[in-house]
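The residues making up each chain are set out below.
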Amino acid sequence: MSVAPPYTEKTDEQKAICEMVRQFADEQIIPSAEHYDAADEFPEPIVEQMRELGLFGVTIPEEYGGMGLDLTTYAMIVEELSRGWISISGIVNTHFIGSYLLMKFGTDEQRQRYLPRMATGEIRAAFSLSEPELGSDVQAIKTSARKVDDATYEINGQKMWVTNGLLSSLVFVLVKTDPDAEPRHRGMTCFIAEKEPGVAQGAAAYAGFNVPPKIRKLGYKGVESTELVFDGYRCPAENVLGGEEAGLNRGFGQMMDALEVGRVNVAARGVGIAQRALELALRYAEERRTFGKPISEHQAIQFKLADMATQLEAARLMTLRAARMKDAGERAELEAGMAKLFASETGHFCVEESLRIHGGYGYSKEYEVERLYRDAPLLLIGEGTSEIQRMVIGRKLLQRHRR
Ligand SMILES: Cc1cc2nc3c(=O)[nH]c(=O)nc-3n(C[C@H](O)[C@H](O)[C@H](O)COP(=O)(O)OP(=O)(O)OC[C@H]3O[C@@H](n4cnc5c(N)ncnc54)[C@H](O)[C@@H]3O)c2cc1C
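Conventions adopted
- Residues numbered from 1 in each chain as written.
- Predicted model: local features only at pLDDT ≥ 70, side-chain atom pairs only at ≥ 80, totals over all residues.
- Heavy atoms only, no water.
- Helix = DSSP H or I, 4+ residues; strand = E, 2+ residues; numbered from the N terminus.
- Buried < 20%, exposed > 50% of the residue type's maximum accessible area, 1.4 Å probe, protein only.
- Contact = heavy atoms within 4.5 Å.
- Pairing = 2+ DSSP bridges.
- Salt bridge = Lys/Arg side-chain N within 4 Å of Asp/Glu carboxyl O.
- Near = heavy atom within 4 Å.
- Polar contact = N/O pair within 3.5 Å; in protein donor to acceptor, adjacent residues only side chain to side chain.
- Areas by Shrake-Rupley, 256 points an atom, 1.4 Å probe, with all protein chains shown as cover.
- Nonpolar A, V, L, I, M, F, W, Y, C, P; charged D, E, K, R; others polar.

1. Here's the deal with the environment of glycine 242
Mapping glycine 242 onto the fold places it in the loop between β7 (225–236) and α6 (244–247). We classify glycine 242 as buried; its relative accessible area is 13%. Along the sequence, glycine 242 and lysine 104 sit 138 residues apart, while their C-alpha atoms lie 8.8 Å from each other. Apart from residues lying up to four places away in sequence, glycine 242 is in contact with Phe105, Gly106, Thr107, Gln110 and Gly247.

2. Details of the pairing of strand β5 (residues 188–194)
Summarising burial for β5: 6 of the 7 residues are buried, a large majority. In the sheet, strand β4 (residues 170–176) pairs with β5 via 7 bridges, with the strands oriented antiparallel. The partner of leucine 174 across the bridge, within β5, is cysteine 190.

3. Things to note about the environment of threonine 310
Position of threonine 310 relative to the elements: it lies in helix α8 (residues 299–327). The sequence separation of threonine 310 and threonine 346 amounts to 36 residues, and the corresponding C-alpha distance is 9.8 Å.

4. Details of the pattern of salt bridges
Per the counting criterion, the structure on display carries 35 salt bridges. Across the pair arginine 184 and aspartate 137 runs a salt bridge, and its minimum N-O distance is 3.5 Å. One end of the pair, arginine 184, is in the loop between β4 and β5; the other, aspartate 137, is in the loop between β1 (125–128) and β2 (144–149), with 47 residues separating them in the sequence. Each of Arg22, Asp26, Glu80, Arg83, Arg276, Glu279, Glu368, Arg371 and Asp375 takes part in one network of salt bridges that share partners.

5. Describing the site of the ligand
Residues in contact with the ligand amount to 18 residues; listed here are only the nearest, Leu129, Ser136, Trp161, Thr385 and Glu387. In the model, a nitrogen atom of the ligand is placed 2.9 Å from a nitrogen or oxygen of the tryptophan 161 main chain. The side chain of threonine 163 places a nitrogen or oxygen atom 2.7 Å from a nitrogen atom of the ligand. Contact with the protein chains covers 64% of the free accessible surface of the ligand, which is 970 Å². Those elements giving two or more residues to the shell around the ligand turn out to be β1, β3 (152–163) and α11 (386–402). The dominant element in the shell around the ligand, judged by the number of residues it contributes, is β3, at 3 residues. Of the residues belonging to the shell around the ligand, the class tally is 9 nonpolar, 7 polar and 2 charged.

6. Remarks on the pairing of β4
Of all 7 residues that make up β4, 7 are buried, and the element is covered over most of its length. Along β4, one buried face is formed by Leu170, Phe172, Leu174 and Lys176 and the opposite face, lined by Val171, Val173 and Val175, is buried too. Two strands pair when backbone bridges link them, and β1 and β4 are joined in this way by 4 bridges, in the parallel orientation. Considered in β4, the bridge of alanine 125 is made with leucine 170.

Take a look at the structure:
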């Protein structure tokens, strides 16, 4: 009788990569996260090492210079990076979504032009849906593009919350191209907007593409989140994702597809931060003594640890299941939504429990869990809030039920 391998089982290749990334997190990320977090500074030396390790090309096919690995392996890597510091996974995340969009929807020419340099991390990508007046209701996007001559679109409008908004070279930006379209999502297009990394005021070919100062945040420091202001920015028609003929007014579907893999990725981040919170809690519970014994020997603390570990395990399994379904070519909106919802809430839960176990010290900047406590809430918001995940799950459940 054949026995199916457990979900947590890794191939030899996955084991080797995860060990390598875990060592990288232990030696390079965790020791310096406190510094970059406190200074809210981009961790360039860490990012440089990530380039050397090939981490920007994990899912990019080998023919373009990447590793050609699947979403499951990518999710495992993201867990290890996020265990170190979720800002590091944030630096890779939008890049991963950009490369997914190119691989799935880009023209041959677009893939050739961008993927080899994306695989090495020479150029990095951001993606931009949100605007000052909208996040959940993506179809309400106001930023618009209109054709000004045969080969050019002009983009006008304002975007919000763009992770890697300043230092990226490419922004996959969703804009309105047909204001009269009904339903609204049929009138949206994804443009590959190029810019000069690190330059706030676009000039020459990038004139009209401006990046205001980064948004000051509770946590998730180091990686910049910015607005983008498009003021007459000229974008070549050839930069419509998938080409003008195939891609015009198809952007909403393309972005929603990418968000499905993005949600697996955020789920993996929830698993990573939960794993770290549990490790810190276990260590502290053995060290700290009250009433004559280590607090780990109080049943109330053991119950907390048990709940954390149980939820963490479930979150990991759900994340890997959603990833494996995607890798098998199946639609996984329901599973990706469930994994994102559960794993991000688990990340938040475990961090809060870990903070409680640390007592007063958890509130001190001397302890790592204080940073985790400021970082974890982002996972409840980015790539669809918990409320939006429940809407997606509910809708998909009913669709499957009615079939
Ligand atoms: C640090 C950070 C980085 C980000 N990075 C990016 C990025 O790189 N690219 C990008 O495009 N966006 C990014 N975002 C934006 C993020 O995706 C949005 O913040 C998120 O989708 C929520 O949108 P909103 O903030 O406009 O909240 P709103 O949509 O205004 O929602 C406000 C509240 O109402 C709830 N709500 C909304 N609609 C419903 C409903 N129908 N039923 C029940 N409840 C509802 C929400 O769950 C939330 O609790 C980032 C955000 C943050 C904080």
